[in-house]
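Fold and geometry: a report
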Amino acid sequence: MRRSDITIEQASDEGTGLLTLADLLNKRAACTPDRCAFIFLRDGENDEERITYGQLYNSALAISRELTETTRPGDRALMFYPAGLEFIKALFGCFYAGVIAVPAYPPRKNRSLERLRALASDSGASIVLSTDDIRQTSQRSFSDTIELQKLTWLSTNLISPSKIQSPNRPIVKSPNRPIVKSSNRPIAQSPNRQIALLQYTSGSTGTPKGVMVTHRNIIRNAEYIRQSFALSRKSVSVTWLPSFHDMGLIDGVLVPVYTGFPGVILPPVSFLQKPVRWLKAITKYRGTHGGGPNFAFDLCAEGITEEEKKGLDLSSMETLYCGAEPIRKSTFERFVSSFREYGFSHEKLYPCYGMAETTLIITGPHAGRGPVYLCLSAGELEKNRIVPVGDQHPDARHLVGVGYPWIDTRVKIVDPETCRLLNDNEVGEIWVSGSIVTSGYWEKPDETKEAFSAEIAGDPGEKYLRTGDLGFFHDGELYISGRYKDLIIINGRNIYPQDIEYLTENSHPAIRKNASAAFPVDVGGEEKLVVVAEVERTAIRDLDVDGVCDRIRENIVMETELSVYAIQLLRTASILKTSSGKIQRKACREAFLQRKLDSLGESVLEMQFHEDQPEPTSVDIVNLEAWLMTWIHEKLKIPLNRIDLARPITAYGLTSMKAVALQQDFLERYGVSFPPYLFFEKSSLRELCEKAIKIIKEN
């Protein structure tokens, strides 16, 4: 076996010594300096930017030298980057300097900075790494943001790469860092056990939780993925997932370097604009590995036309994984049906389960097996009982198996109240232990102890992570059946209902404080967000239902980029609570579905409609207004008679994902690019059209 073919795992815990991610790049740059590490498609199609392992090492080393002049080992660095290679260079620069990386999405014009403020404060970051363009734009936006203004900024794209010393021998040793401490516990002296990055969960903005991910966590999780997906140096990954989220970061950036195969990266916005770009990249680069949340599969099946499919060849794909949020059998079937004649087959689908607290993946099947389904009684499952039924049963619900644990990972099903170990075909909370489980939450000892130190009754000693998810084993396969926590998962994001309720109660003075509930409902096989909220008694007489609901919807979409499917305004003191005054979200959900809440009025965005509207062809203001109303009608599912030109488009549930689609449709229709941030300036639809006419005339 050639030295460059030896896996990192063979040279890590069980071999020649503990490794860090800096050692990982050392190995690649020393053994294969000229091998392509990443290809970034700037436009999502043909505008390539490539980097080899040697070039990546040179750039990372230069950034690390700059970092050592302004930081100390263990300091935290916020990372604000657009999609691309600059993020990857800076990430490895942090690894070499011993600085803890804190990936985050870059600030955007006219969008709230609340989450970034919270991340800066919680992580105690002392420096921001970014590009010079983002630095200049962001600092103008941060004029009133003390937490971000006081940070040092380093524009890493202006740093010239170092000269490689010798590609034929190991290059740089990992920094010999002192122990990094948080209030949770001291981190072990070994570099392998020290924190590589803080992965902030995508839910809470008010009290963010930074998962402490060590070098060992990442290396062990990467080995897990290599084995379960049957990856090799001949593999090629193709991803559009954001690098600041765990799925895009671990699987899209670090797993390719770990295993030694090239990673092809598309900007997320390019995929959202035209989903076919992802599949075209797979075709062009003969991609073997990729994936995303459930909604990405739906977007491809529903958003790629027959004309766009021409020329696709997905026969090279070996594993296309689906993780995050409930995985739908119907989604898989639509995807396979849509792309079967283009070389895709059922066995290439790879359903899996994971979370940031376990670095990324927890369970998955063998590559090439394909998904397995289990048909159960939905009513009995809600009572945590496993009752198989036939496909045609009126109460049938299909669950998708998410595989089984690999390497040293242990998954147990436990009664969440008694902590008693349960048997197969018994529903309980999913508990996890093993080397993929991270160190806890940064500077949150109580939350860390509660989530990461669970013990099974009668079997003390081994500590488990409580996932908060409910599931069971059937014939050795793990199935996810629900959530023990009040957690909402939409488009792969974990949403804390408390955040949505806070935004609801602070959006309009007519809404009562501490009297709202947010929860998900299933609509056409997709999870949608619902909010119910009490109205102040003094506001009932002159209540403007649409106006209040518009304010709630706008506030939530501006802060979280989530579209609210339904809002129901309730009579004072009618929301369901416990005897101690806590909101009963599950009970509110059931009452909402059964139409039993004491409602004063509601706003439901997606309603059935059958109107046909001719497509306008001119560019004058009247026809532009008609085109925009038609777009809202078709894409946001709003009946035409409910669209008011005096209201802003955010009132109809426009998210950033939909804004990207609107920008692309506007570009294809009128030949000019309409900046998406203009959609969020709270201008009325008529004012928006006036701005668009001005842009069209200027071009």
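All figures in this text were calculated on a predicted structure; none of them were measured in a lab. (Residues numbered from 1 in each chain as written. Predicted model: local features only at pLDDT ≥ 70, side-chain atom pairs only at ≥ 80, totals over all residues. Heavy atoms only, no water.)

As for the overall build of the protein chain
Under the convention used in this document: Numbering of helices and strands runs from the N terminus, with a helix taken as a DSSP run of H or I at least four residues long and a strand as a DSSP run of E at least two residues long. Note on classification: 1.4 Å probe, protein chains only; a residue is buried when its accessible area is under 20% of the maximum for its type, exposed when over 50%, partly exposed between these limits. The protein chains shown are the only cover counted for residues, whose accessible areas, like all others here, come from Shrake-Rupley with a 1.4 Å probe.
Each helix and strand in the protein chain was counted, giving 21 helices and 28 strands. In the protein chain, which comprises 699 residues, the share counted as buried stands at 60%. In the form shown here, the protein chain has an accessible surface area of approximately 28600 Å², with 47% of it arising from carbon and sulfur atoms.

With respect to the environment of Asp644
The test is simple: The term polar contact refers here to a pair of N or O atoms within 3.5 Å; inside protein, the definition further demands a hydrogen-donor-capable atom paired with an acceptor-capable atom, and it admits residues adjacent in sequence only when both atoms are side-chain atoms.
Relative to the helices and strands, Asp644 is located in the loop between α19 (621-635) and α20 (656-670). Asp644 sits in the partly exposed class, given a relative accessible area of 37%. One polar contact links the side chain of Asp644 to the main-chain amide nitrogen of Ala646, over a distance of 2.9 Å.

Structural notes on the pairing of strand β5 (residues 127-130)
Under the convention used in this document: In this analysis, strands are considered paired if DSSP registers two or more bridges between them.
Alternating residues of β5 divide into Ile127 and Leu129 and Val128 and Ser130, and every residue in both groups is buried. Across 4 bridges, strand β3 (residues 76-80) lies against β5 in parallel orientation. Paired with Leu78 across the strands is Val128, a residue of β5. In this structure, β5 lies alongside strand β6 (residues 152-155), joined through 4 bridges in parallel fashion. Residue pairing for β6: Val128 is matched across the bridge by Trp153.

Overview of the confidence of the model for the protein chain
Close reading of the predicted structure is inappropriate where its pLDDT is low. Rule in force here: What pLDDT conveys is the predictor's confidence in a given residue, as a value from 0 to 100. Contact between two residues is taken to exist if any of their heavy atoms lie within 4.5 Å; hydrogens are not considered.
Of all residues in the protein chain, 87% have pLDDT values of 70 or greater, and the mean over the chain is 85. Contacts for the low-pLDDT stretch residues 166-171, under 50 throughout, to residues beyond four places or in other chains number 14 contacts.

Regarding the packing of aromatic side chains
Counted only if it meets this: Stacked, edge-to-face and tilted labels apply to pairs of Phe, Tyr and Trp rings (six-membered ring for Trp) whose centres lie within 6.5 Å, assigned for plane angles under 30 degrees, over 60, and everything in between, in that order.
For the structure shown, the criterion picks out 21 aromatic pairs. Ring centres of Phe297 and Phe332 lie 6.0 Å apart, and the angle between their planes is 65°; on these two criteria the pair is classed as edge-to-face. Here Phe297, found in helix α11 (residues 294-303), pairs with Phe332, found in helix α13 (residues 329-339); they are 35 residues apart in sequence, far enough to count as distant. Take Phe297 and Phe332: they sit in the same class, and that class is buried.

With respect to the sheet that holds strand β25 (residues 511-523)
For clarity, the cut-off: An axis is simply a line fitted to the C-alpha atoms; with a helix, the fit covers only the stretch in contact. Between two such axes, the angle follows the N-to-C directions and lies from 0 to 180 degrees.
Taken together, the 4 strands give an open sheet; going across it, the order is β25-β26-β27-β28, and neighbouring strands pair in mixed fashion. Both edges of this open sheet fall to β25 and β28 (599-604), since each of them pairs with a single strand only. The average angle at which neighbouring strand axes cross in this sheet is 20°, direction not considered. Pairing geometry for strand β27 (residues 564-570) and β28, over 5 bridges, is antiparallel.

Looking at unusual backbone geometry
The general pattern is negative phi for most residues beyond glycine and trans for most peptide bonds. The backbone of Ala230 sits at a positive phi, close to 55°, despite the residue not being glycine. Examined against the element boundaries, Ala230 turns out to sit in the loop between α7 (215-228) and β9 (237-239). Of note in the backbone geometry, Arg286 takes a positive phi value of approximately 55° without being a glycine. A relative accessible area of 35% means that Arg286 is categorised as partly exposed.

Let's talk about the packing of α11 against α13
As a reminder of what qualifies: Crossing handedness: left-handed means the near helix sits turned counterclockwise from the far one by under a right angle, and right-handed means the same turn made clockwise. Residues are grouped as follows: Ala, Val, Leu, Ile, Met, Phe, Trp, Tyr, Cys and Pro are nonpolar; Asp, Glu, Lys and Arg are charged; every other residue, Gly included, is polar.
The contact between α11 and α13 brings their axes to 9 Å, and the two run at 35°. The crossing of α11 and α13 is left-handed. Between α11 and α13, the residues in contact are Asn294, Phe297, Asp298, Cys300, Ala301 and Glu302 and Thr331, Arg334, Phe335, Ser338 and Phe339, respectively. Considered class by class, the residues forming the contact of α11 with α13 number 5 nonpolar, 3 polar and 3 charged.

Considering the pattern of salt bridges
For clarity, the cut-off: Salt bridge, as applied in this entry: a Lys or Arg side-chain nitrogen positioned within 4 Å of an Asp or Glu carboxyl oxygen.
The final tally for this structure, using the stated rule, is 30 salt bridges. Across the salt bridge formed by Asp550 and Arg647, the nearest N and O atoms sit 2.1 Å from each other. You can see Asp550 sitting in helix α17 (residues 545-560) and its partner Arg647 sitting in the loop between α19 and α20, a full 97 residues away along the chain. Between Arg589 and Glu590 there is a salt bridge, with the nearest N and O atoms lying 3.0 Å from each other. Relative accessible area serves as the criterion here: at 24%, Arg589 is assigned to the partly exposed category. When its relative accessible area of 31% is taken as the criterion, Glu590 is described as partly exposed. Taken together, the shared-partner salt bridges in this structure form one network comprising Arg42, Asp47 and Glu49.

Quick word on the pairing of strand β8 (residues 210-214)
Burial analysis of β8 places 5 of its 5 residues in the buried class, which makes it a mostly covered element. Bridge analysis of strand β7 (residues 195-200) against β8 gives 5 bridges, and the strand direction is antiparallel. Bridge pairing in β8 places Gln199 opposite Val211.

Some words on the nonpolar core
Under the convention used in this document: Here, nonpolar core means buried Ala, Val, Leu, Ile, Met, Phe, Trp, Tyr and Cys residues that are tied together by side-chain atoms lying within 4.5 Å of each other.
Ranked by size, the top nonpolar core spans 119 residues in total, and within it Phe38 and Phe339 carry the most contacts. The dominant element in this core, judged by the number of residues it contributes, is helix α3 (residues 85-97), at 10 residues. In this view, Phe339 contacts Leu279, Cys300, Ala301, Ile304, Lys309, Leu312, Leu314 and Phe344; residues no more than four positions away in its chain are not counted. Among the nonpolar cores identified, the runner-up in size contains 32 residues, and Leu605, Ala659, Phe666 and Leu685 belong to it.

Considering the environment of Gly440
Locating Gly440 in the fold gives a position in the loop between β19 (428-433) and α15 (445-452). We classify Gly440 as buried; its relative accessible area is 0%. Dropping the residues within four chain positions of it, Gly440 is found in contact with Gly210, Val211, Met212, Thr448 and Phe452.

Side note on helix α16 (residues 497-505)
Spacing of three or four residues puts side chains on the same side of an α-helix, whose turn is 3.6 residues. By the criterion of burial, α16 is predominantly enclosed, with 7 of the 9 residues buried. Within the sequence span of α16, burial applies to Pro497, Asp499, Ile500, Glu501, Leu503, Thr504 and Glu505.

Topic: the packing of α19 against α20
Applied cut-off: Working definition: roughly parallel below 35 degrees, roughly antiparallel above 145 degrees, roughly perpendicular at 65 to 115 degrees, and oblique for all remaining angles.
One can describe the packing of α19 onto α20 by two numbers: an axis separation of 12 Å at closest approach and a directional angle of 140°. Taken together, the axes of α19 and α20 are oblique relative to one another. Once α19 is placed against α20, the crossing between them reads as right-handed. Across the interface between the two elements, Leu624, Trp627, Leu628, Trp631 and Lys635 of α19 pack against Lys658, Ala661, Leu662, Asp665, Phe666, Arg669 and Tyr670 of α20. The residue inventory of the contact of α19 with α20, partitioned by class, reads 8 nonpolar, no polar and 4 charged.

A word on the environment of Val545
Among the secondary structure elements, Val545 is positioned in helix α17. Between the C-alpha atoms of Val545 and Ser603, which are 58 residues apart in sequence, the distance is 7.7 Å. If sequence neighbours within four positions are ignored, Val545 has contacts with Leu569, Leu600, Gly601 and Glu602.

Points about helix α18 (residues 585-593)
To be explicit about the condition: This arc is taken over the directions from the axis of the helix to the C-beta atoms.
Among all positions in α18, only Arg585, Cys588, Ala591 and Phe592 are buried. Within α18, the buried residues cover an arc of 125° as seen down the axis, which keeps them to one side. Downstream of α18 by a residue or two, Arg595 has a phi angle that is positive, lying close to 60°.

Notes on the state of the cysteines
This is how the line gets drawn: Note that a disulfide, as used here, is simply two cysteine sulfur atoms within 2.5 Å.
Per the counting criterion, the structure on display carries 0 disulfides. With no disulfide partner, Cys352 has as its closest neighbouring cysteine sulfur the one in Cys322, 7.4 Å distant. Assessed through its relative accessible area of 10%, Cys352 is described here as buried.

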